[in-house]
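For reference, the chains in residue letters:
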There are 2 protein chains.
Amino acid sequence: MSSRSASDYPIAVDAMGGDLGPAEVVAAAHLALKEVKGLNELILVGDEGQLGPLLKGCGLDTDSRVRICHAPEVIGMKEKPKESYKKKDSSMITALKLVADGEAGAVVSCGNTGSLMFSATLMLRKLPGVERPALATIIPSRDHHFLLIDAGAQPETSPKQLAHNAILGSAYYAAAIGKERPRVGLLTIGTEEGKGTKRITETHDFLKALGEAGIINYLGPIEGFDTFKNVADVVVCDGFTGNILLKTLESCYGSLKETLKDELMATPMRKLGTFLAQGAFKAMKKTFSPDNYSGAPLLGLNHLVLKTHGSSDRYFIRSAIRIGLETLRHDMDEQVQKDIEKGNGIMKAPAMASVSAEN
Amino acid sequence: MSSRSASDYPIAVDAMGGDLGPAEVVAAAHLALKEVKGLNELILVGDEGQLGPLLKGCGLDTDSRVRICHAPEVIGMKEKPKESYKKKDSSMITALKLVADGEAGAVVSCGNTGSLMFSATLMLRKLPGVERPALATIIPSRDHHFLLIDAGAQPETSPKQLAHNAILGSAYYAAAIGKERPRVGLLTIGTEEGKGTKRITETHDFLKALGEAGIINYLGPIEGFDTFKNVADVVVCDGFTGNILLKTLESCYGSLKETLKDELMATPMRKLGTFLAQGAFKAMKKTFSPDNYSGAPLLGLNHLVLKTHGSSDRYFIRSAIRIGLETLRHDMDEQVQKDIEKGNGIMKAPAMASVSAEN
């Protein structure tokens, strides 16, 4: 990708792996082509026999901005990463291959997360200096959005990997949200220096050094209490904590939403009240819905891979395509590589030796 | 405590350590004596000069069920655990001493968590066979309540300690909620056997063995998605994850609540709607409020210690007193000791040797 910029390349969409099937993905493509400014080309990867009629059904068969790349196989949600990687004719592996071969700029998939991470890492390779890719996800709050990184790629993340995540997360936040030098917080269980696990105190030393070198905008350790307040933009944690946190929040939202809905519909008077106050509920949905920022990027690879929830509907997939394009435009890879290289130099320096030696 | 049962002993309340001061604690005592059936005696521990007039103010000075134990010093929220332990005349240390000396059955404190854990562990000692105490907290959901253990006492919890937490949490859940043989889930990032960290797979082996021996009712690994569904009653995790989870949920609730309130009050029509639907909001508050189950016990010690939030109001403290009495009545220590002993035997058995050797 030397002469053309990354955003000139099409986005490849794995059309088969999601829970709602290819019809939802085609509907998402339709929406994206209508709504996302500057989206020039989409490649829908999947079974031609199914995708052809679906495209025709919504008039996309004659749209030059979209084409099908035939891939007859599908990777199921329960398949093991290693096994599924062998399915070279699957929609996911084919979509990744398009990017690896330089035919597409990014992949969007709502398929099996484990398979996507495993295959993407093998096929797209890590950025120079990065040890492991990390999954990042944007969580909306009242006055700001925060990026949680790692949301589950590496259950056991070393201090150095956590420091890489701070760099990767900062670059992605700037690209996706448009805020430069986002505030980075290290998620832990007490904000006094020296509190938390050994991994945390070591990571804190690394992040402080990266902050002093101007590579990241490091705030310091933060507690769970701070996450939804407008304190940190990039919340760094290991993939075990991050994954549990993200899924628990989702479970909590579901429980709150269902209970409120039932309570509001319980009597005619409450129903009337709900009707009159409906603007408030719509505003709530708009503020807290992950719709606009769906698509969790697997950061630290040579190309952009966006994972959306297995049960993603057309709006989620549309947003992932939009965020994909936005991120490609920002073309963050060059700066990230410089920052990682500089960061690795700092973390190897004699002053950091006591930390590095133990990782 | 041989002839008298544990619930015959008074409950000692640290009246000075909370953010809202002794007046709120006295108000809580007043409420508790009025509302909590079978509550025979409370000892308010703190500065006599402040507590005397407060008791008089609400007519409790002539109530034989309440007495003051003078303790002139206060441990501040920012004091270091080790330093604060030396304040023998502080309300917290004095309250713990009442229990250690057999004068009270339980302690309720909204003071400095670190100090309380440190001093309670030293003064009340661990139950035989238990390696480390754990902080447990009840989280309300739509159709059930779940107990999160450990909520922050041990940031790095070994598989054996996690197994102890499953036993301790099960006993406490039965005592506080009244449900025998609660379902125990191990919180992790994927429910297939072998997924997650090494610590998790080892803990799973222990819990499975404890389940097969009938010591706990073990469900298996659960994901964050399952927490708010009616799947597990006792959710076992390390103190690092648990603390971050609990505080993030609190931060999330605060953000949702404030936003909804502002949106509902934004226009006259929404205000009217809110008035008509107010029953729904009250019901939500009742379902999800931690009011009724406030007070996080520090489990695994020889006596009961309940920590309530630093900012606890009278209702929270009242509930902690009620839960304290309930738990004392259940007199769970004897059974817990048997279960821990049996569990330790199982975890030491040759079949478990490969696991035990590494801890």
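The rules behind each value
Residues numbered from 1 in each chain as written. Chains lettered and ligands numbered in written order. Predicted model: local features only at pLDDT ≥ 70, side-chain atom pairs only at ≥ 80, totals over all residues. Heavy atoms only, no water. UniProt positions renumbered as here; feature names shortened; annotations may be inferred. Least-squares fit on C-alpha atoms with pLDDT ≥ 70 in both. Contact = heavy atoms within 4.5 Å. Buried area = accessible area lost by both parts, 1.4 Å probe. Salt bridge = Lys/Arg side-chain N within 4 Å of Asp/Glu carboxyl O. Helix = DSSP H or I, 4+ residues; strand = E, 2+ residues; numbered from the N terminus. Nonpolar A, V, L, I, M, F, W, Y, C, P; charged D, E, K, R; others polar. Phe/Tyr/Trp six-rings, centres within 6.5 Å; stacked < 30°, edge-to-face > 60°. Buried < 20%, exposed > 50% of the residue type's maximum accessible area, 1.4 Å probe, protein only. Lys NZ or Arg CZ within 6 Å of the ring centre and 35° of its normal. Domains from an automatic or database assignment. 1 Å grid on protein atoms, 1.4 Å probe; cavity = no way out; pocket = protein on both sides within 12 Å on 5 of 7 lines; lining within 4 Å. Points joined across faces, edges and corners; volume = space filled by probe spheres on them.

The name an unreviewed UniProt entry assigns to chain A is Phosphate acyltransferase, from the organism Cerasicoccus arenae. Quoted verbatim from the Subcellular location (unreviewed entry) heading of the UniProt record, the comment on chain A is "Cytoplasm".

Trainee: Explain the relation of the copies chain A and chain B to me, using residue names and the numbers behind them.
Mentor: Expressed as a screw operation, the relation of chain A to chain B combines 0.0 Å of axial shift with a rotation of 180°, fitting to an RMSD of 0.0 Å. Expressed as a symmetry operation, the mapping of one chain copy onto the other fits a two-fold axis. Among all residues of chain A, the one whose C-alpha sits closest to the rotation axis is A:Gly273, at a distance of 1.8 Å. Take the interface residues of chain A: 100% of them recur as interface residues in chain B, which is what a same-surface contact looks like.

Trainee: A description of the interface of chain A and chain B should follow, citing residues and the corresponding values.
Mentor: Listed per partner, the contact involves 53 residues of chain A and 53 residues of chain B. Between chain A and chain B, the buried area comes to about 4,900 Å², and carbon and sulfur atoms account for 73% of it. The largest contributions to the chain A side of the interface with chain B come from A:Arg142, A:Ile189 and A:Phe240, which together make up 13% of the buried area. Scanning the region where chain A abuts chain B turns up six salt bridges. One salt bridge connects B:Arg142 with A:Asp262, and the closest N-O pair in it is separated by 2.4 Å. Looking at the side of chain A that touches chain B, the elements with two or more residues in it are helix H7 (198-212), helix H8 (239-264), helix H9 (268-276) and helix H10 (278-288) of chain A. If one sorts the elements of the side of chain A that touches chain B by residue count, H8(A) sits on top with 21 residues. A per-class count over the side of chain A that touches chain B returns 24 nonpolar, 16 polar and 13 charged.

Trainee: Can you explain the packing of aromatic side chains? Please cite residues and give values.
Mentor: Residues and elements named next belong to chain A. The full count for this structure, using the stated rule, is four aromatic pairs over all chains. Geometrically, the ring pair formed by Tyr-85 and Phe-118 is edge-to-face, given 5.9 Å between the ring centres and 75° between the ring planes. On the criterion of sequence distance, the pair formed by Tyr-85 in helix H3 (residues 81-85) and Phe-118 in helix H5 (residues 113-124) is long-range, its members being 33 residues apart. Between Phe-146 and Phe-228, the ring centres sit 5.2 Å apart and the planes meet at 80°, which makes this aromatic pair edge-to-face. Residue Phe-146 is located in strand E6 (residues 145-149), and its partner Phe-228 is located in the loop between strand E8 (217-222) and strand E9 (234-236); the two are separated by 82 residues in the primary sequence. With relative accessibility at 2%, the residue Phe-146 sits in the buried group. Between the NZ or CZ atom of Lys-88 and the centre of the ring of Tyr-85, over which it lies, the distance is 3.7 Å.

Trainee: Give me the lowdown on the domain arrangement of chain A, citing residues and values where you can.
Mentor: Looking at chain A, the domain boundaries give domain 1 (1-124) and domain 2 (132-293 + 335-359). Look at where the C-alpha atoms of domain 1 of chain A and domain 2 of chain A centre, and you get two points 28 Å apart.

Trainee: Run through the layout of surface pockets, naming residues and quoting values.
Mentor: In this structure, the second largest pocket encloses a volume near 530 Å³. Forming the walls of the second largest pocket are 27 residues, and the residues nearest its centre are A:Glu156, A:Thr197, A:Arg199, B:Glu156 and B:Arg199. Of all the secondary structure elements, the ones that give two or more residues to the lining of the second largest pocket are H7 and H8 of chain A together with strand E7 (183-187), helix H7 (198-212) and helix H8 (239-264) of chain B. Looking at the lining of the second largest pocket residue by residue, the class counts come to 11 nonpolar, seven polar and nine charged.

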